[in-house]
Amino acid sequence: MEPACDSAAPSSESLREARRFVEGNGALARALGVDGPGELTVLPLAQGEHNANFVLEARDGRRFVLRVNYASQLGLDDQIGYEFAALRALASSGRTPEPLYVDGTRSRIGRGALVESFVEGAWIDLEDSRQVREAARALADVHSVAAPPDCALLRAEDPLRSQLESCRRLFDGYQASDLAEGRVMREVDELFVRAQRAVDAAPVPSPCECSHILNTEAVPSHFLIDGTGRASIVDWEKPVLGEVAQDLAYFLSPTTTIWDSDVIFSAPERAQFLKAYWEAVGGRFPRGSFDVRFPAYRMVNALVGITWSCNAWVEYHDPARPLRNEKTLELLPIYFSEEFLDLIRRDCFDAL
């Protein structure tokens, strides 16, 4: 999980690095169709946990987004090339930024960077049912894109089980830390037991069901609504091949929605979202075992948010951390508070 990545301005040092990346970069200028790198102005846009984002503004008024990578959530050597490949694979969806330039050599500033088209729009308003339905349609269009035969995106044999194991690794890091609280360990371990039981009972998915390109971090700030009401999905840092239930459960989870809003979807609202999604899919791919595996995905995706936050709490106390988002530091304790863990138990575990 990387919550609401675009919630803070890049640091002055990050801005200087971005400007050094552009200066004298003839290949970048040619890719963007400008006379030279001097035609591009670098402006701060937003910073997340692992990337810093900037606007490149050409003299003719065109704008692009420059993403500079600082770390890989997936543990990849070429994180920026991985993201660029995902954007190329998804180009036909009409719902993602257009990939324009990538440099994973780290030769210019010691970091990988890519440039993509600038997507106009504002963050989705989760209290606007029309926008929420549009988000469902955007996900349906993305999930309906057939992955290319040479697709290099990561794929787990059983994505649900793999996701739960990833949560366990994150929580192990928290439990090994001096910052771990006994109450949190007891309460989260109880959720793990219940999630493991649901995962073990879920039927094995078919290879076809595990072949969809997922964003895996379907947070509100990754959905931009333009002036016509159409949604695009940005920030493809952590795409994988997997089951559509993973993205849908993530979008609907309280651990996702409370990061940028006070919204917690009710059972009828979740049902309306899923109805809009499958209507938008319109038979482009079969529903398969979605209905019987989705409840377990709801449990596991709640644990994704909780265990990511526990692990990030430990990381944020490491003075060597390269990027720091103050909003993240403020919000992290909410995720392992007694009140929130009780809400998760009732909403994502007891209600199923």
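**Quick notes on helix α11 (residues 326–335)**
For an α-helix, the turn length of 3.6 residues means that residues three or four places apart are oriented alike.
So, point 1. Among the residues making up α11, those that are buried are T328, L329, L331, L332 and Y335.
So, point 2. Residues of α11 that are buried sit in contact with α8 (254–257), α10 (290–315) and α12 (338–350).

**Some points on the packing of aromatic side chains**
So, point 1. This structure, assessed with the given rule, holds 14 aromatic pairs.
So, point 2. Ring centres of F171 and F192 lie 5.9 Å apart, and the angle between their planes is 40°; on these two criteria the pair is classed as tilted. Of the two residues, F171 is situated in helix α5 (residues 159–175) and F192 in helix α6 (residues 182–201); the sequence distance between them amounts to 21 residues. Accessibility assignment for this pair places F171 and F192 in one class, buried.
So, point 3. When the ring of Y277 is compared with that of W278, the centres are 5.1 Å apart and the planes differ by 85°; the resulting orientation is edge-to-face. Like W278, Y277 is buried.
So, point 4. One aromatic cluster is present, built from ring pairs that chain together F171, Y174, F192, W313 and F336.
So, point 5. Positioned above the aromatic ring of F118, the side-chain terminus of R63 is 4.1 Å from the ring centre.

**So, the side chain of D347**
So, point 1. Structurally, D347 can be placed in helix α12.
So, point 2. Polar contacts involving the side chain of D347 include one to the side chain of R298, which spans 2.8 Å.
So, point 3. Discounting chain neighbours no more than four positions away, the residues touching D347 are P254, I264, F265, R270 and R298.

**Quick look at the pattern of salt bridges**
So, point 1. This structure, assessed with the given rule, holds 29 salt bridges.
So, point 2. Two residues, R130 and D128, come together in a salt bridge whose shortest N-O distance is 3.5 Å.
So, point 3. Classification of R130 by relative accessible area gives exposed; the value is 59%.
So, point 4. Taken together, the shared-partner salt bridges in this structure form one network comprising R95, E134, R137, D141 and R284.

What counts, and where the lines are drawn
Residues numbered from 1 in each chain as written. Predicted model: local features only at pLDDT ≥ 70, side-chain atom pairs only at ≥ 80, totals over all residues. Heavy atoms only, no water. Buried < 20%, exposed > 50% of the residue type's maximum accessible area, 1.4 Å probe, protein only. Helix = DSSP H or I, 4+ residues; strand = E, 2+ residues; numbered from the N terminus. Contact = heavy atoms within 4.5 Å. Phe/Tyr/Trp six-rings, centres within 6.5 Å; stacked < 30°, edge-to-face > 60°. Lys NZ or Arg CZ within 6 Å of the ring centre and 35° of its normal. Polar contact = N/O pair within 3.5 Å; in protein donor to acceptor, adjacent residues only side chain to side chain. Salt bridge = Lys/Arg side-chain N within 4 Å of Asp/Glu carboxyl O.

As far as function goes, none of this settles anything; it's purely spatial.
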